[in-house]
Amino acid sequence: MQQVKLNSADGKLCFSLSGEIDSATSEDFYAEVKAAYVHDKKDVEFDCEALTFIDSTMLGTFVKIFKELKAEGFKMSLVNVRPRIRKLFEICSLDTIMEIGR
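First, a word on scope: everything that follows refers to the structure included in this document.

Here is what the cut-offs are and how they apply
- Residues numbered from 1 in each chain as written.
- Predicted model: local features only at pLDDT ≥ 70, side-chain atom pairs only at ≥ 80, totals over all residues.
- Heavy atoms only, no water.
- Helix = DSSP H or I, 4+ residues; strand = E, 2+ residues; numbered from the N terminus.
- Expected span 1.5 Å × (residues − 1).
- Buried < 20%, exposed > 50% of the residue type's maximum accessible area, 1.4 Å probe, protein only.
- Arc of directions from axis to C-beta.
- Polar contact = N/O pair within 3.5 Å; in protein donor to acceptor, adjacent residues only side chain to side chain.
- Contact = heavy atoms within 4.5 Å.
- Phe/Tyr/Trp six-rings, centres within 6.5 Å; stacked < 30°, edge-to-face > 60°.

1. Some thoughts on helix H1 (residues 26–39)
- The terminal C-alpha atoms of H1 lie 20 Å apart, and with 14 residues this matches the ideal 20 Å at 1.5 Å per residue to within 8%.
- Three or more residues of H1 are buried, namely Ser26, Phe29, Tyr30, Val33, Ala36 and Tyr37. Relative to the axis of H1, the buried residues are bounded by an arc of 135° and lie together on one face. Facing away from the buried side of H1, by more than 90 degrees, are the exposed residues Glu27, Asp28, Val38 and His39.

Next up, the structure:
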């Protein structure tokens, strides 16, 4: 089960992610993030401390969000990323284009 909680702070949209986000829930995740962003356009940060699982569909969703933000001059970052999840970004070389913190 996924949970996405919006906590705006420091001039950016901060989302706390928890549980599993995969192909079954990625569309809802994207819609929730997009709605918040359209309402208040600013940099986006995802706190992944409690995120336990993502799949390739979710990697694609992060890329989609990243591209949309970049096209409008905003940044996206992921913080507190668990090593197992960080490895997925590294395998796809997404860590070279996205800010992914430990």
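2. Topic: the side chain of Glu45
- Along the chain, Glu45 falls in strand S3 (residues 43–54).
- A polar contact of 3.3 Å, which involves the side chain of Glu45, links it to the side chain of Lys12.
- Apart from the residues within four sequence positions on either side, Glu45 is in contact with Lys12, Leu13, Cys14, Phe15, Ser77 and Val79.

3. Points about the packing of aromatic side chains
- The tally for this structure, following the rule as stated, stands at 6 aromatic pairs.
- An angle of 25° between the planes, with centres 5.6 Å apart, marks the rings of Phe15 and Phe46 as stacked. Of this pair, Phe15 sits in strand S2 (residues 12–21) while Phe46 sits in strand S3, and the two are 31 residues apart along the sequence. For the residue pair Phe15 and Phe46, the accessibility class agrees, reading buried in each case.
- For the ring pair Phe29 and Phe46, a centre distance of 5.7 Å and an interplane angle of 40° mean the geometry is tilted. Of this pair, Phe29 sits in helix H1 while Phe46 is found in strand S3, placing the two residues 17 residues apart along the sequence.
- The class of Phe46 is buried, set by a relative accessible area of 0%.
- Taken together, Phe15, Phe29, Phe46, Phe62 and Phe89 form an aromatic cluster joined through their ring pairs.

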